[in-house]
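Okay, here's what each chain looks like letter by letter:
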Amino acid sequence: FDAGVLEACLYILDRRGMPHSARGDPVMVSRVVSAMVNSLDDNGVLVGNWTGDYAQGTNPSAWAGSVAILRAFHGTGAPVRYGQCWVFAGVMTTVLRCLGLPTRTVTNYNSAHDTDVSLTTDIYFDENMRPLERLNTDSVWNFHVWNDCWMKRPDLPDGYDGWQVVDATPQETSSGLFCCGPCSVTAVKNGEVFLKYDTPFVFAEVNSDKVYWQRQPGGAFAVVHVEEGAIGRRISTLGAGSGARLDITDQYKHPEGSEEERRAVSTATSHGSRPRNRGSPSSGEVTVTVGAGPAVAGAELELRAVAKNQGAEPRTLRLRFSLAAVRYTGVSGAPFRQEQHRRPVPPGQEETVTMTVTYAEYGPHLGEQDALKLTVSGAVEETGQVVAKELRVRLHVPELTLTLLAPAVVGQETPVQVVFQNPLPEALPGASLRMEGAAISCPKPFQMGSVGAGQTVRLRQSVTPLRAGRLRLVAVLESPPRLGPLHGALQFDAAPAPDGATGSTGRAPRRRARARARGEPPAGSTGGWACLPSPRRPMAWLRAALAGAWHAVRGRGFRHFGRALRLVEGLEAAAPGALGFRHGARLRLGLQAAVLLWMLRQEHPAAAILDALDAFFPEGEEPPLGHVHASPRELAAVAAAQDAFRELVLGLVRDPQRRHWYLQGPAQREYGEPFLRMIEWLFYEFLLCVESALPPPNLQQLEEEVWSHAPLRPRPRGGPLPILRRYLDDVGVARRGAMPRPLGSPEATPPR
């Protein structure tokens, strides 16, 4: 609900071409948003990236909220880089709530990805029970995040209203598009996978059986083990009004192993791509369970398998341990540690086999969001019974601890302490902290430098609440890949300001330090059109400056647009409120954008472009001028537009290929001649506003004022100077509906 979010959400629907008549249907709205939040098919909001290389954008784990993403997409029209499932889901929550659909973010641990609609998670082994990763196309994500939204389902039979699954992460297509849902949670719970939309895929994510296949001597595969209850653990959402985890597993499936749950699985798999000919879960005299000791990043890890002989005869068990890193999407790396064991197991007793792994062994193989996958497989020598188990071990990393050091008051800086301890036995060579929160003005990202092994760091940052009430601040610490970004959150109550105000823009006044350091004229000067700081005839001097600015704007003299901008700012400062806030803001932003795009097209040095960008759009600062009639919402909207355009230019400077593509295509549509005509019309209205406050021009004095500061050369005959003549003719038009044509244009164009 921050400034710019509603506009971005409506833009998403417009971008998809969704007719207004269909926007009252929550089924279709949620389905369209599910497709548009990812960039596949339709250049939607977010580009997915699971490679680990985020040099061309933002690390998905570094996002602290969805507002910046939506503003950037709306401001540029280009997909934002990058996202993974939790980012897609966070943006979905914001968009659907903004459009009026009750929505929650859902996390499912041990989430299956069924690629062949078998509604089972299939794992293949060779004759010696070694995993055949090339055949294991089904995967089990360490966790997966999607959304539930609450709606009626008139397109389904009675009884399926309520929570519906929608998933924007592009995994599989639905009706040819990368989207998923809405899918009734009730249908998932009961295995009714024949109901739309995408119920088979969602059912497999939360309640499929893991089926272990072994290659036989003839090359065919046979089922050797079926593991129930391994998929869909601790399905969670955020408790309403709190930061506590709320377990909603019972809403998605019946209790594991119950008659109702087994009936749901049977119903679902009967509609799968393979016949249900599995029998009951594997049984035998020897059972194997796997587990792990405390799993803390940087510490030694103990893994174990416990074999129990439930028969009356002694048995000998051969076991193979295989340990590999696995990405959170279930993609495994090559095993980096393997062991084989042969153990006797007396009747009625247990035998424990352990494997200890040091950080030096597993650390180099882990990336962000990775876990360790232990595969234990083997056979009983006497009976040939096959055993197989998998265990995912996610290492615990410390959270950031946030503490409010003073009462929070709207509009006042509030100190926050952030505490972080490096758990690794090695230094972190570089880390940065970023903070974000709805209705909270946060500092720029802070570079922490090196953090030593085991070192505890305490940082003090200041934030400014922008509205009264309960607020939530999120902090993200980006660190090297072995540790990954760390998160922390703080909820606090902000009191109204002493003057009774409950909200403000919370931004500091814009600074001009860099412009002054470069020796530029102060705001309001006219640059090269008039050089006298104290003209003898102020009105004539002002008209000469206005004429020069009008000549530049009409003639598309982009190199002089900056001077026109300073003229506008100077006159606004001299007569606050004379020009409407929206009019002035659109004119200023248009001139600034035109200058920067001209510099990009002319291939100015990156340093010069960034210098101009910093002068026009300082990061995190408010619009350049206040206004007597400007509301906080209007100021925030201008600030959002500034931030979005700044991010666009920064991205174009960093990526030459994207810059070339953008200038050849989207820039022509968004900042082409219609955009320049808008600037021309706004500037013309500005000139009429100024002229209405000036006395009639004295042509003789006006010419003398100009020629008194011009280089020595013969004066032309036949009246005033051509630029002045054009200006006076244009601003002297009696009716304002007939806008003068641009220089060089054969016909006048009606105003827009």
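Residues numbered from 1 in each chain as written. Predicted model: local features only at pLDDT ≥ 70, side-chain atom pairs only at ≥ 80, totals over all residues. Heavy atoms only, no water.

### With respect to the overall build of the protein
Secondary structure summary: the protein contains 20 helices and 27 strands in total. Across the 752 residues that make up the protein, the buried fraction comes to 52%. Carbon and sulfur atoms provide 52% of the accessible area of the protein, an area that totals close to 33700 Å². (Helix = DSSP H or I, 4+ residues; strand = E, 2+ residues; numbered from the N terminus. Buried < 20%, exposed > 50% of the residue type's maximum accessible area, 1.4 Å probe, protein only. Areas by Shrake-Rupley, 256 points an atom, 1.4 Å probe, with all protein chains shown as cover.)

### Brief notes about the environment of W550
Here W550 lies in helix α11 (residues 538-554). Assessed through its relative accessible area of 1%, W550 is described here as buried.

### Topic: the sheet that holds strand β13 (residues 301-309)
Taken together, 3 strands build an open sheet; the order of strands is β12-β13-β16 and the sheet is antiparallel. Strand pairing shows two members of the sheet lacking a second neighbour, β12 (286-292) and β16 (350-357), which therefore form its edges. Within this sheet the neighbouring strands show an average axis-to-axis angle of 15°, counted without direction. Where β13 meets β16, 8 bridges bridge the pair, whose relative direction is antiparallel. (Pairing = 2+ DSSP bridges. Axes fitted to C-alpha atoms, helices over the stretch in contact; angles between N-to-C directions.)

### Some points on the pattern of salt bridges
Inspection of the entire model under this criterion finds 32 salt bridges. With a shortest N-O distance of 2.9 Å, R153 and D155 are connected by a salt bridge. The partner of E381 in a salt bridge is R342, with the nearest N and O atoms 2.8 Å apart. Taken together, the positions of E381 in the loop between β17 (371-380) and β18 (386-393) and R342 in strand β15 (residues 337-345) put the pair 39 residues apart, joining distant regions of the chain. Three or more residues joined by partner-sharing salt bridges are found here, namely R554, R556, E673, R677, E680 and D730. (Salt bridge = Lys/Arg side-chain N within 4 Å of Asp/Glu carboxyl O.)

### Quick word on the side chain of Q84
Assignment of secondary structure puts Q84 in the loop between β2 (80-83) and α4 (85-98). Residue classification places Q84 among the buried residues on the basis of a relative accessible area of 4%. A polar contact is formed between the side chain of Q84 and the side chain of Y54, at a distance of 3.0 Å. Those residues in contact with Q84 that sit more than four places away from it in its chain are N49, W50, Y54, P60 and Y328. (Polar contact = N/O pair within 3.5 Å; in protein donor to acceptor, adjacent residues only side chain to side chain. Contact = heavy atoms within 4.5 Å.)

### Overview of the state of the cysteines
All told, the structure shown has 0 disulfides when counted by the stated rule. With no disulfide of its own, C183 lies 6.8 Å from the sulfur of C180, the closest cysteine sulfur. Among the residues examined, C183 registers a relative accessible area of 0% and is labelled buried. (Disulfide = S-S within 2.5 Å.)

### Description of the pairing of strand β4 (residues 121-125)
For β4, a buried count of 5 out of 5 residues is recorded, marking the element as mostly surrounded by other parts of the structure. Every second residue of β4 is oriented toward a common face, with T121, I123 and F125 on one face and D122 and Y124 on the other, all of them buried. Of the strand pairs in this sheet, β4 and strand β8 (residues 210-215) are connected by 5 bridges, and their pairing is parallel. Directly across from Y124, in β8, lies its bridge partner W213.

### Some points on the pairing of strand β5 (residues 139-151)
Each regular strand displays side chains that alternate between the two surfaces of the sheet. Where burial is concerned, most of β5 is hidden: 12 out of the 13 residues are buried. Pairing geometry for strand β3 (residues 103-113) and β5, over 10 bridges, is antiparallel. Considered in β5, the bridge of T103 is made with C149.

### Points about the sheet that holds strand β14 (residues 315-326)
Pairing in this open sheet of 4 strands is antiparallel, and the strands run β15-β14-β17-β18 from one edge to the other. Looking at the sheet topology across the chains shown, the edges are occupied by β15 and β18. Direction aside, neighbouring strands of the sheet carry axes that sit 20° apart on average. Direction of pairing for β14 relative to β15: antiparallel, over a ladder of 9 bridges. Residue L323 lies in a different strand from β15, and its bridge partner there is R337.

### Some points on the confidence of the model for the protein
Should the pLDDT be low somewhere, the predicted coordinates at that spot are not to be read in detail. In the predicted model, the protein carries a mean pLDDT of 82, and the fraction of residues at 70 or more is 85%. In the predicted structure, residues 622-628 sits below a pLDDT of 50 and forms 24 contacts with residues beyond four places in sequence or in another chain. Long-range and interchain partners of residues 733-752, a stretch whose pLDDT sits below 50, account for 36 contacts in this model, where long-range means more than four residues apart. (pLDDT = per-residue confidence, 0-100.)

### A look at the environment of D614
Within the fold, D614 resides in helix α14 (residues 606-616). The exposure class assigned to D614 is buried, which follows from its relative accessible area of 19%. With 32 residues separating them in the primary sequence, D614 and R646 have C-alpha atoms 8.6 Å apart.

### Examining the nonpolar core
Membership of the largest hydrophobic core comes to 61 residues, with the highest contact counts inside it found for L546, F645, F683 and F686. Those elements that provide at least two residues to this core are α11, α12 (561-574), α13 (581-601), α14, α15 (632-654), α16 (656-664), α18 (673-691) and α20 (722-731). Take this core: its biggest share by element is 13 residues, from α13. If near-sequence neighbours (up to four positions away) are discounted, F683 is found in contact with A549, W550, V553, A564, V568 and L587. One finds F321, V451, V463 and F492 within the second-largest nonpolar core, a separate group that totals 56 residues. (Core = buried A, V, L, I, M, F, W, Y, C linked by side-chain atoms within 4.5 Å.)

### With respect to the packing of aromatic side chains
Applying the stated criterion across every chain, the model contains 21 aromatic pairs. Judged by centre distance (5.5 Å) and plane angle (55°), the rings of Y11 and F73 are tilted. Residue Y11 is located in helix α1 (residues 5-16), and its partner F73 is located in helix α3 (residues 67-76); the two are separated by 62 residues in the primary sequence. Overall, the relative accessible area of 0% leaves F73 in the buried class. Aromatic side chains W141 and Y328 sit 5.3 Å apart centroid to centroid with 85° between the ring planes, which places their arrangement in the edge-to-face category. In this pair, W141 sits in strand β5 while Y328 sits in the loop between β14 and β15, placing the two residues 187 residues apart along the sequence. Residue W141 is classed as buried on the basis of its relative accessible area of 5%. Geometry around W163 places R104 over its ring, the cationic atom sitting 3.9 Å from the centre. (Phe/Tyr/Trp six-rings, centres within 6.5 Å; stacked < 30°, edge-to-face > 60°. Lys NZ or Arg CZ within 6 Å of the ring centre and 35° of its normal.)

### Focus on α20
Of all the positions in α20, only L724, Y727, L728, D730 and V731 are classed as buried. Projection of α20 onto a plane perpendicular to its axis shows the buried side chains occupying an angular sector of 165°, all on one side. Away from its buried face by more than 90 degrees, α20 exposes P722 and D729. (Arc of directions from axis to C-beta.)

### Here's the deal with α12
In a regular helix each residue adds 1.5 Å, so 14 residues correspond to 20 Å; α12 covers 20 Å between its end C-alpha atoms and thus fits that length. Judged by how many residues are buried, α12 sits mostly within the fold: 10 of 14 residues are covered. Within the span of α12, buried status applies to F561, G562, A564, L565, R566, L567, V568, E569, G570 and E572. (Expected span 1.5 Å × (residues − 1).)

### Describing the side chain of S61
Counting through the fold element by element, S61 comes out in the loop between β1 (46-48) and α3. Taking the relative accessible area as the measure of exposure, S61 reaches 2% and is therefore buried. Contact partners of S61, with chain neighbours within four places excluded, come to W86, E368, Q369, V476, P485 and H487.

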